[in-house]
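Descriptive analysis of the structure
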Amino acid sequence: MVVLNKIYTKTGDHGETALGNGARVAKHSIRVNAYGTVDEVNATVGLARQVAEGEMDDRLAAIQNDLFDLGADLCTPDMEKDGEREYPPLRVADSQVERLEAEIDAMNAKLEPLRSFILPGGTPLAAQMHLCRTVARRAERLVVELATMESVNPASVKYLNRLSDWFFVAGRIANDDGKNDVLWVPGANR
């Protein structure tokens with residue numbers, strides 16, 4: 001039995017890639033940029049997990065899996081044809097958004113209300129959460145832009161919007177439940 005472990009395909013050597021439906025598009029297409037940026041979010045979550053522990057690490061692991069679901073969703077265009085496909089494509093579900101909302105509410109219940117904008121930083125985990133947040137916001141902007149041109153699962157946009165909120169609140173949790181947040185001092189260095 002011959003087992004092939006081929007890492008390179010050479011199919012993208014001319015600047016194109018295949019979508020989930022088999023269509024070939026330019027690697028710089030907005031759809032590829034959108035799901036590629038979701039992959040970047042996932043990589044930043046992987047970095048955050050290097051310093052996360054316990055329940056926070058478990059939640060981040062669930063988010064990483066969700067982000068693969070989201071990438072699969074975004075790489076398969078033409079949602080309106082989902083019912084015609086031999087195998088229905090994976091789509092982000094509202095229940096994934098609702099889980100994030102429940103987790104945000106639970107974390108937020110431990111925090112004092114914000115009285116100032118906060119700067120990204122504090123503990124290593126908080127700084128990682130803020131990096132995750134900013135990359136998630138960029139992914140959201142790209143998916144919203146894609147949605148102006150092609151059909152996009154509305155739950156995908158909601159998921160990214162809640163996810164960046166999740167990272168913000170998780171960053172505060174990582175800063176001793178907000179007690180060690182780094183506060184912005186407007187005009188401090190004038």
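Residues numbered from 1 in each chain as written. Predicted model: local features only at pLDDT ≥ 70, side-chain atom pairs only at ≥ 80, totals over all residues. Heavy atoms only, no water.

Notes on the overall build of the protein chain
As a reminder, the rule being used: Numbering of helices and strands starts at the N terminus; helices are DSSP runs of H or I of at least 4 residues and strands are runs of E of at least 2. Residue-level accessible areas treat just the shown protein chains as cover; the underlying method is Shrake-Rupley with a 1.4 Å probe.
Scanning the protein chain from N- to C-terminus turns up five helices and four strands. For the protein chain, the sequential pattern of α-helices and β-strands runs β-β-α-α-α-β-α-α-β. When the accessible surface of the protein chain is totalled, it reaches about 11,000 Å², and 54% of it is carbon and sulfur.

Concerning the nonpolar core
Put simply, the test is: Put simply, a nonpolar core is a bunch of buried Ala, Val, Leu, Ile, Met, Phe, Trp, Tyr and Cys residues held in one set by side-chain atoms that sit within 4.5 Å of each other. Buried residues are those whose accessible area, probed at 1.4 Å on protein chains only, stays under 20% of the maximum for their type, while exposed residues exceed 50% and partly exposed ones sit between those limits. Two residues form a contact once any of their heavy atoms are found within 4.5 Å.
Core analysis: the biggest nonpolar cluster contains 43 residues, and Leu-163, Trp-166 and Phe-167 have the highest contact counts within it. Of all elements in the fold, only helix 1 (30-48), helix 2 (54-74), helix 3 (94-108), helix 4 (124-147) and helix 5 (154-174) reach the threshold of two or more residues within this core. The contact partners of Leu-163, leaving out residues within four places of it in the chain, are Val-41, Ile-63, Leu-67, Leu-100 and Ala-136.

Some thoughts on the packing of helix 1 against helix 4
Counted only if it meets this: For helices, the fitted axis covers only the stretch in contact; all axes are lines through C-alpha atoms, and the angles between them, taken along N-to-C directions, range from 0 to 180 degrees. In what follows, roughly perpendicular refers to angles from 65 to 115 degrees, roughly parallel to angles under 35, roughly antiparallel to angles over 145, and oblique to any angle outside these ranges. Here the nonpolar group is Ala, Val, Leu, Ile, Met, Phe, Trp, Tyr, Cys and Pro; Asp, Glu, Lys and Arg are the charged ones; every other residue, Gly included, is treated as polar.
Closest axis-to-axis distance for the helix 1/helix 4 pair is 9 Å, and the angle between their directions is 170°. Considering the angle they form, helix 1 stands roughly antiparallel to helix 4. Tallied by class, the residues present in the contact of helix 1 with helix 4 amount to 17 nonpolar, four polar and four charged.

Details of the pattern of salt bridges
Selection rule: Salt bridges, as used here, are contacts in which a Lys or Arg side-chain nitrogen is within 4 Å of a carboxyl oxygen on Asp or Glu.
All told, the structure shown has 11 salt bridges when counted by the stated rule. Taking the shortest distance from any N to any O, the salt bridge between Arg-49 and Asp-57 comes out at 2.7 Å. Given the relative accessible area of 27%, Arg-49 is considered partly exposed. Assessed through its relative accessible area of 18%, Asp-57 is described here as buried. Linking Arg-99 and Glu-103 is a salt bridge whose minimum nitrogen-to-oxygen distance equals 3.5 Å. Remark: Glu-103 and Arg-99 occur in helix 3; sequence separation between them is four residues, near one turn of the helix. For Glu-103, a relative accessible area of 11% gives the class buried. Taken together, the salt bridges that share partners define one network made up of Asp-66, Arg-99 and Glu-103.

A few points about the side chain of Asp-69
Heads up, the rule is: Working convention for charge: Lys and Arg count positive, Asp and Glu count negative, and His plus the chain ends are omitted.
With respect to the helices and strands, the residue Asp-69 is situated in helix 2. In this structure Asp-69 is buried but unpaired, with Arg-99 as the nearest side chain of opposite charge at 7.4 Å. Ignoring sequence-local partners within four residues, the contact set of Asp-69 consists of Leu-90, Val-92 and Gln-96.

A short note on a nonpolar patch on the surface
Applied cut-off: Patch rule: a residue counts if its relative accessible area is over 30% and it has no salt bridge; like charges are joined within 9 Å, and nonpolar side chains (Val, Leu, Ile, Met, Phe, Trp, Tyr) within 5 Å.
Together, Phe-117, Leu-119, Val-182 and Trp-184 make up an exposed nonpolar region whose accessible area comes to about 390 Å². Looking at the element boundaries, Phe-117 is found in the loop between helix 3 and strand 3 (118-119). You can call Phe-117 exposed: its relative accessible area is 63%.

Looking at helix 5
Note the threshold: For a helix, the expected span equals 1.5 Å multiplied by the residue count minus one. Under this definition, polar contacts are N or O atom pairs within 3.5 Å; protein pairs additionally need one hydrogen-donor-capable and one acceptor-capable atom, and for neighbouring residues in sequence, both atoms have to be side-chain atoms.
The end-to-end C-alpha separation of helix 5 is 30 Å, in line with the 30 Å expected for 21 residues at 1.5 Å each. Near the N-terminus of helix 5, the side chain that reaches the backbone nitrogen of Ala-155, with its oxygen 3.0 Å away, is that of Asn-153. Asp-176 occupies a position one or two residues after helix 5 and carries a positive phi of about 55°.

Some thoughts on unusual backbone geometry
Backbone geometry at Asp-176 places phi at a positive 55°, although glycine is not the residue there. Tracing the backbone through its elements, the reader meets Asp-176 in the loop between helix 5 and strand 4 (182-183). Of note in the backbone geometry, Asp-177 takes a positive phi value of approximately 55° without being a glycine. Its place among the elements puts Asp-177 in the loop between helix 5 and strand 4.

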